[in-house]
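In case you want the letters, here they are:
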Amino acid sequence: AGFDITVLGARGGLEDGNLSAYMIHPIGDPRAILCDAGTVLHGLQVADQRGALDDTRLPADATETRPGFVLHHGIAAYLISHAHLDHVAGLVLVSPDDSAKSIYALPSVTTVLSRDLFNGAVWPNNGDIGTPPRLGLYHYQDLAAGQPVTLAHTGLRVTAFPLSHGSVESTAFLLQSGTDAMLYFGDTGADAVEHGTRLQAIWQAVAPLVRAHRLRGIVIECSYDDTRPDSQLWGHLSPRWLLRELTALQDAAHTPLRGMPVLVAHIKPSLRRDADPLSVIPAELREGNRDLGVNFIVPEQGMRLQWR
Ligand SMILES: Nc1ncnc2c1ncn2[C@@H]1O[C@@H]2COP(=O)(O)O[C@H]2[C@H]1O
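Residues numbered from 1 in each chain as written. Predicted model: local features only at pLDDT ≥ 70, side-chain atom pairs only at ≥ 80, totals over all residues. Heavy atoms only, no water.

Undergrad: Describe the site of the ligand, and please don't skip the residues or the numbers.
TA: Within the structure, the ligand sits among Gly12, His84, Asp86, His165, Asp187, Tyr224, Trp234, His236, His266 and Lys268. Here an oxygen atom of the ligand sits 3.3 Å away from a polar atom, N or O, in the side chain of Tyr224. Contact between the ligand and His236: an oxygen atom at 2.8 Å from a side-chain N or O atom of the residue. Look at the ligand: alone it shows 450 Å² of surface, and the protein chains cover 52% of it. In the shell around the ligand, the residues fall into two nonpolar, five polar and three charged. (Near = heavy atom within 4 Å. Polar contact = N/O pair within 3.5 Å; in protein donor to acceptor, adjacent residues only side chain to side chain. Areas by Shrake-Rupley, 256 points an atom, 1.4 Å probe, with all protein chains shown as cover. Nonpolar A, V, L, I, M, F, W, Y, C, P; charged D, E, K, R; others polar.)

Undergrad: Account for the side chain of Asn126, with residues named and values stated.
TA: Along the chain, Asn126 falls in the loop between α4 (107-117) and β6 (138-142). There is a polar contact of 3.1 Å between the side chain of Asn126 and the side chain of Ser95. Residues within four places of Asn126 in sequence aside, it is in contact with Ser95, Phe118, Leu135, Gly136, Leu137 and Tyr138. (Helix = DSSP H or I, 4+ residues; strand = E, 2+ residues; numbered from the N terminus. Contact = heavy atoms within 4.5 Å.)

Undergrad: Tell me what's going on with empty space enclosed by the protein, and back it up with residues and numbers.
TA: One pass over the full model with this rule turns up one cavity of 30 Å³ or more. What lines the largest cavity is simply Ser20, Tyr22, His87, Tyr184, Phe185, Gly186, Asp187, Val219, Glu221, Ala265 and His266. Elements supplying a minimum of two residues to the lining of the largest cavity: β10 (180-185) and β11 (215-221). Looking at the lining of the largest cavity residue by residue, the classes come out as five nonpolar, four polar and two charged. (1 Å grid on protein atoms, 1.4 Å probe; cavity = no way out; pocket = protein on both sides within 12 Å on 5 of 7 lines; lining within 4 Å. Points joined across faces, edges and corners; volume = space filled by probe spheres on them.)

Undergrad: Lay out the pattern of salt bridges with the relevant residues and their values.
TA: For the structure on display, the rule yields 13 salt bridges. Residue Lys101 is joined to Asp98 by a salt bridge in which the shortest nitrogen-to-oxygen separation is 2.7 Å. A residue is classified by how much of its surface remains accessible, and Lys101, at 3% relative accessible area, is buried. Among the salt bridges present, the one from Arg272 reaches Asp274, with a minimum N-O distance of 2.9 Å. Under the relative-accessibility criterion, Arg272 is labelled exposed at 57%. Each of Asp4, Asp55 and Arg304 takes part in one network of salt bridges that share partners. (Salt bridge = Lys/Arg side-chain N within 4 Å of Asp/Glu carboxyl O. Buried < 20%, exposed > 50% of the residue type's maximum accessible area, 1.4 Å probe, protein only.)

Undergrad: How would you summarise the side chain of Lys101 if you had to cite specific residues and measurements?
TA: Within the secondary structure, Lys101 sits in strand β5 (residues 101-105). A polar atom in the side chain of Lys101 sits 3.3 Å from the backbone oxygen of Ile75. The contacts of Lys101, once residues within four sequence positions are left out, are Leu71, His72, Ile75, Ala76, Ala77, Tyr78, Leu137, Tyr138 and His139.

Undergrad: Talk me through the packing of aromatic side chains; I want residue IDs and the actual numbers.
TA: Enumeration according to the criterion identifies five aromatic pairs in this entry. Geometrically, the ring pair formed by Phe173 and Tyr184 is stacked, given 6.5 Å between the ring centres and 20° between the ring planes. Taken together, the residues span a long stretch of sequence, with Phe173 in strand β9 (residues 168-177) and Tyr184 in strand β10 at a distance of eleven residues. Across the pair, Tyr184 and Phe173 agree in class, each one buried. Three or more aromatic residues link up through ring pairs in this structure, and these residues are Tyr22, Phe173 and Tyr184. In this structure, Arg228 is placed above the aromatic ring of Tyr224, and the distance from its NZ or CZ to the ring centre is 3.9 Å. The residue whose ring lies beneath Arg244 is Trp241, and the NZ or CZ to ring-centre distance is 4.4 Å. (Phe/Tyr/Trp six-rings, centres within 6.5 Å; stacked < 30°, edge-to-face > 60°. Lys NZ or Arg CZ within 6 Å of the ring centre and 35° of its normal.)

Below is the structure:
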């Protein structure tokens, strides 16, 4: 069936109101999940203004706005890669008016969300574990690394893979719908910089899907441009590291990635007048992409894509 992706938040910092959040559902099946929730309601409003929600049919007796209806009835669950604020701020802010949902995450992420965020002090405890009183709106569902799970009330399965994001554990989600697959990455550094093998483990795990031409696309970060020294990447990718990791995937799969859609998430805006990362990073990716030939796409808030 392939995947229908609406960008609710595209960037990796500074700019509140446009932070990582991707609404994803199988093409033709509107029951969606959100991968990360840095910006939620504002992202739905921008998506609505750009016409990305036009095929959502509101019932005649609907009481909500279209963004409200999609939030309440379209989004079945959150998948949270890690608990940094730019990945959860929208979830916190929308929670007083949210519908009951599950939050799927690795245990390390659930721990921070329930202990440090929805804890009755930073925010009311909307979850079903942690400090009482527990309002129970959100049901935490721990994912086990490498174990596929069916996402309730959707046509999707997910497999979580741990990532190294500096001192924090982050997560990649392999989403599957029928025989189709796509990869969503939370924040991650390159293996060589993080002194680990977590990306290599993912490339090995998805190599058979690439060989079978079932991997429809990849959402992955590229936070900084190539002028950033490795010592200040803080668990993020820059163009040369992203290109190197995609080459590692191609090598693991023994199959050309040419034409593979790669959504370049989490670009960090800059306050400098010169050298806008939104032009520098795509230029650096283009320059290094001649052999690989993947299809880099820079997301914009409210953009909708279909990968089939
Ligand atoms: N050691 C550090 N010193 C200064 N800033 C940091 C450090 N580690 C992380 N950061 C910044 O804090 C941000 C937290 O969110 P991100 O990981 O997206 O990006 C991170 C950097 O911009």
